[in-house]
Amino acid sequence: MPLREEVLGEFLGDASFPIEWTSETERLLFWVYDDLHCPKPLSPMYEDIGGWWLSCDHMFRRFGTPFATDWIYKNINGYLYTAAIPAEKGLVVETQEYDYRTNPIVPQDDAYAGKIGAYLGAVLPVYGHNFTHWWRTRFVPEMQRNFDYIEAMLAKKDELSLADVAVLLEDAIDMHDRHWKIHWMLNFAQLSATLNLRAVMEKTHGKVDEVLLGRLQNSADDRNWDKIRALWEMKEEVKGDPELRAAFDNATSADIVPALQASERGRRFIDEKVVPYQMEFGWHAVWSHEFIYPSFREDMNPVIQLVRDQYSSDYDYPTKVAALKADIDAAAREILEGLSGEALEEMRAANEINLKMAPLTPDHHFYIDQGANAHVRLVLIALGEKLVAMGVLDRPDDVIFFRYNALRAFIGASDAVTGRALVAEARAKWSAAEKVRPLPWVGTVTATQLAFPYLNLWGFPDKFYRSKETEHGRIVGIAGSPGIVEGVARVVMSVDEFDSLQPGEILVCEMTNPAWQVLYGKIIAVVTDAGGTVSHPAVLAREYGIPAVVGTNVSTSTIKTGQRIRVDGNAGVVEIL
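Residues numbered from 1 in each chain as written. Predicted model: local features only at pLDDT ≥ 70, side-chain atom pairs only at ≥ 80, totals over all residues. Heavy atoms only, no water.

**So, the overall build of the chain**
The line we're drawing: Starting at the N terminus, helices and strands are each numbered in turn, a helix being any DSSP run of H or I of at least four residues and a strand any DSSP run of E of at least two. Based on C-alpha atoms, the radius of gyration is set beside the globule rule, defined as 2.2 Å times the residue count to the power 0.38. For every residue, the accessible area obtained with a 1.4 Å probe (protein chains only) is divided by the maximum for its type, and the residue is called buried under 20%, exposed over 50%, and partly exposed between those limits. Contact between two residues is taken to exist if any of their heavy atoms lie within 4.5 Å; hydrogens are not considered. Note on areas: Shrake-Rupley, 1.4 Å probe, and residue coverage restricted to the protein chains presented here. Note that His is not counted, nor are the chain ends; the positive residues are Lys and Arg, and the negative ones are Asp and Glu. Every charge is mapped to an atom, namely NZ of Lys, CZ of Arg, CG of Asp or CD of Glu.
Across its full length, the chain holds 20 helices and 15 strands. For the chain, whose C-alpha radius of gyration is 24 Å, the value lies close to the compact-globule estimate of 25 Å for 577 residues. Its C-alpha atoms give the chain principal-axis dimensions of about 65 × 60 × 55 Å. Classification of the 577 residues of the chain by burial places 56% in the buried group. Within the chain, counting contacts between residues at least 6 apart in sequence, those at least 24 apart form 70% of the total. Split by element, the accessible area of the chain, about 23500 Å² in all, is 52% carbon and sulfur. Looking at the chain, you have 57 positive and 82 negative side-chain charges, and the mean spots of the two groups are 2 Å apart.

Given below as structure tokens:
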């Protein structure tokens, strides 16, 4: 049974990284640091209502998975760690949902795992074949209706009472949960398409070509490219207008925004171009999964900086997207080369489904990872504004440092002294956690737990088996995007350091998400601590045609800004020269 196997590795805490365990079972689970989604400390409110793990029991129940029945979290020294719950009868371990103590879903039948796998095998192809149609005709319209309702309510928030906004928060939480249930359906549909393509590739070609597979999972037509096109259109308008050019000749948005606001032409550009962009594409933050960080909807500076970066490099959207599309078309032809008859038709059919699924990676980020969380944040901020107006809190985002039920109790009977003390304590705890360097995993490692399919998103099992140390200036990670380049490293740990990155440098960071795309037009390669082959930095690097090495664990603590490094995206190796 999964929890009674040979132990491959174990870390239960020490003086430098102490861990409080609630039970022996909890110690036996394999806990992975989620630097993919939440590389920074958790806020109390996100921990209670924003987590992607909250809908995982639904995912495993719907699909009938033999490898897990739930996916739970643990806050360790302020950071998010998650563990899959094996489909094993009698397994009991405490966890938390919505500020309530609970236990994960486990089967009652000892033979559950052996029986249910056949169901997963039967239904998975249905999702692979049909999901792109469902996405367009069912799920996107449903999610857009949810957004429209919340945005319409926020547009008249001044007319709403505190209780009205409190109820809107409950609606936003329901919306968030529903969008994440759709996310898991999409995820399994993509899994089906990818696994099928890999299997057919190995069957017909004798091996899996990872580079070719990566090219085929790119997309040249999705919401991410819609966003880039909208920025490019603004850049083109700037190029054609001397008054706008004068403003954008400044180096940073901190200087560009006042210059725009000082002229009628600049104010019109903001009203007619920037604000509509924020309304459509601004529903994400520098770390999209958290509630702490302001969204681009709230702050135009990141948008202006994106336009400025395209302006300074004279970014050519039509050429870039055409080149990517041509490469995808070429890869689709290459995968068919040398095949005939039944093998040719099987490969063509598998790749057709894969190509239909490819745009759904950036699209689901837009509607779910970014959109759902950003809408919840904006409702929380509206609630905070009401409480600030009442004089019981100091800042609208103070509400994010409440636990969910503590905030609801506070709304029911607000006490300024108690509220401010609670927020001050939570903010201090969060700031202290920022100084901690989390470990990649804790708990107990077994072969079955390492085989949990989703762990490849974090680079496991490779990350576990390879050395975590550098050897003679050599860092081993995961090959995220092909190519080999040499250049100067720039370590970027936060949005405050974005402006320090110079064109032609190599970005070294913990992790990226869609908000970090502002940097990809400048860099020649990317190296990250976190992620696997289908993580955001790897996918975006492939779209931009630059090398990437991801999942290194140690790049930001080993590489220094200004060092010259060689990034080998074919082998997943970084050398410090």
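That shown, we press on.
**Focus on the layout of surface pockets**
Rule in force here: Cavity means a closed set of points on a 1 Å grid over the protein atoms alone, one where a 1.4 Å probe fits but cannot get out, pocket means an open set with protein on both sides within 12 Å along at least 5 of 7 lines, and lining means a residue has an atom within 4 Å of a point. Grid points are joined across faces, edges and corners, and a volume is the space filled by probe spheres set on the points. Residue polarity follows a fixed list, in which Ala, Val, Leu, Ile, Met, Phe, Trp, Tyr, Cys and Pro are nonpolar, Asp, Glu, Lys and Arg are charged, and the others, Gly among them, are polar.
There is about 810 Å³ of room inside the second largest pocket. Lining the second largest pocket are 30 residues, and of these Glu47, Asn75, Gly78, Arg403 and Lys429 lie nearest its centre. At seven residues, helix H16 (residues 416-433) tops the list of elements feeding residues into the lining of the second largest pocket. Tallied by class, the residues present in the lining of the second largest pocket amount to 14 nonpolar, seven polar and nine charged.

**Focus: the pattern of salt bridges**
Note the following rule: Each salt bridge in this description consists of a side-chain nitrogen of Lys or Arg and a carboxyl oxygen of Asp or Glu lying within 4 Å of one another.
A complete count under the given rule lists 38 salt bridges for this structure. The closest approach of N and O atoms between Arg229 and Glu233, which form a salt bridge, is 3.9 Å. Taken together, the residues span about one helical turn, with Arg229 and Glu233 both in helix H7 (residues 223-239) at a distance of four residues. Its relative accessible area of 31% is what places Arg229 among the partly exposed residues. Residues Arg395 and Asp397 are paired through a salt bridge, measuring 3.0 Å at the closest nitrogen-oxygen approach. Residue classification places Arg395 among the partly exposed positions, given a relative accessible area of 41%. On the accessibility criterion, Asp397 (15% relative accessible area) is buried. If you follow the salt bridges from partner to partner, you end up with Arg223, Asp226, Arg229, Glu233 and Glu280 in one network.

**Observations concerning the sheet that holds strand E15 (residues 573-576)**
Strand pairing in a sheet relies on backbone hydrogen bonds, with the paired strands running either antiparallel or parallel. Operational definition: Only strands joined by at least two bridges in the DSSP assignment are considered to pair. The axes are straight lines fitted to the C-alpha atoms, using for helices just the contacting stretch, and the angles between their N-to-C directions are given from 0 to 180°.
One open sheet holds the eight strands; their spatial order is E8-E15-E14-E10-E11-E12-E13-E9, and the pairing between them is mixed. A strand with exactly one partner marks an edge of an open sheet, and here the two such strands are strand E8 (474-476) and strand E9 (478-481). Averaged over all neighbouring strand pairs, the angle between strand axes comes to 30 degrees, with direction disregarded. Across four bridges, the pairing between strand E11 (residues 506-509) and strand E12 (residues 525-528) is parallel. Among the inter-strand pairings, Val508 is bridged to a residue of E12, identified as Val527. Across the face of the sheet, helix H19 (residues 536-544) comes into contact with E9, E12 and strand E13 (548-550) while running at roughly 40 degrees to E9.

**What about the packing of helix H10 (residues 264-281) against helix H11 (residues 301-313)?**
Put simply, the test is: Angle categories are assigned with fixed cut-offs, so that under 35 degrees is roughly parallel, over 145 is roughly antiparallel, 65 to 115 is roughly perpendicular, and the rest are oblique. Two helices that cross are described as forming a left-handed crossing if the nearer one is turned anticlockwise from the farther one by less than a right angle, and a right-handed crossing if clockwise.
Running from N to C, H10 and H11 cross one another at 115 degrees; their axes reach a closest spacing of 10 Å. Comparing the axis directions of H10 and H11 gives the class roughly perpendicular. The interaxial crossing formed by H10 with H11 has right-handed handedness. Contacts between H10 and H11 involve Val274, Tyr277 and Gln278 from the former and Val303, Ile304 and Leu306 from the latter. Counted by class, the contact of H10 with H11 contains five nonpolar, one polar and no charged residues.

**A closer look at the nonpolar core**
Using the following cut-off: Here, the term nonpolar core denotes a set of buried Ala, Val, Leu, Ile, Met, Phe, Trp, Tyr and Cys residues that are joined through side-chain atoms within 4.5 Å.
With 164 residues, the main nonpolar core has Trp52, Trp71, Phe131, Trp135, Phe248, Leu407 and Trp516 as its most contacted residues. Apart from the residues lying within four places of it in its own chain, the contact partners of Trp516 are Val286, Trp287, Val492, Phe498, Leu507, Cys509 and Met511.

**Overview of the side chain of Arg308**
The residue Arg308 is located in helix H11 in this model. Despite its burial, Arg308 pairs with no opposite charge, the nearest such side chain being Asp309 at 5.1 Å. Beyond its immediate sequence surroundings of up to four residues, Arg308 is in contact with Phe248, Asp249, Asn250, Ala251 and Ile256.

**Section: the environment of Asn250**
Along the polypeptide, Asn250 turns up in the loop between helix H8 (242-248) and helix H9 (253-261). Each C-alpha atom of the pair Asn250 and Met153 lies 37 Å from the other, and the pair is 97 residues apart in sequence. Contacts of Asn250, omitting those with residues within four sequence positions, involve Asp255, Ile256, Ala259 and Arg308.

**Focus on the pairing of E15**
Each regular strand displays side chains that alternate between the two surfaces of the sheet. Where E8 and E15 come together, three bridges link them in antiparallel fashion. Following the sheet pairing, Val476 is matched in E15 by Val573. One ladder, built from four bridges, connects strand E14 (residues 564-568) with E15; its direction is antiparallel. From the neighbouring strand, Arg566 faces E15, where its bridge partner is Glu575. Turn length for the E14-E15 hairpin, with the two strands adjacent in sequence and antiparallel, is four residues, and the turn residue Gly572 shows positive phi of about 75 degrees.

**Focus: the side chain of Ser43**
Positionally, Ser43 belongs in the loop between strand E2 (30-33) and helix H2 (44-50). For Ser43, a relative accessible area of 0% corresponds to the buried category. Other than its neighbours up to four places away in sequence, Ser43 contacts Glu290, Ile292, Ile400 and Trp430.

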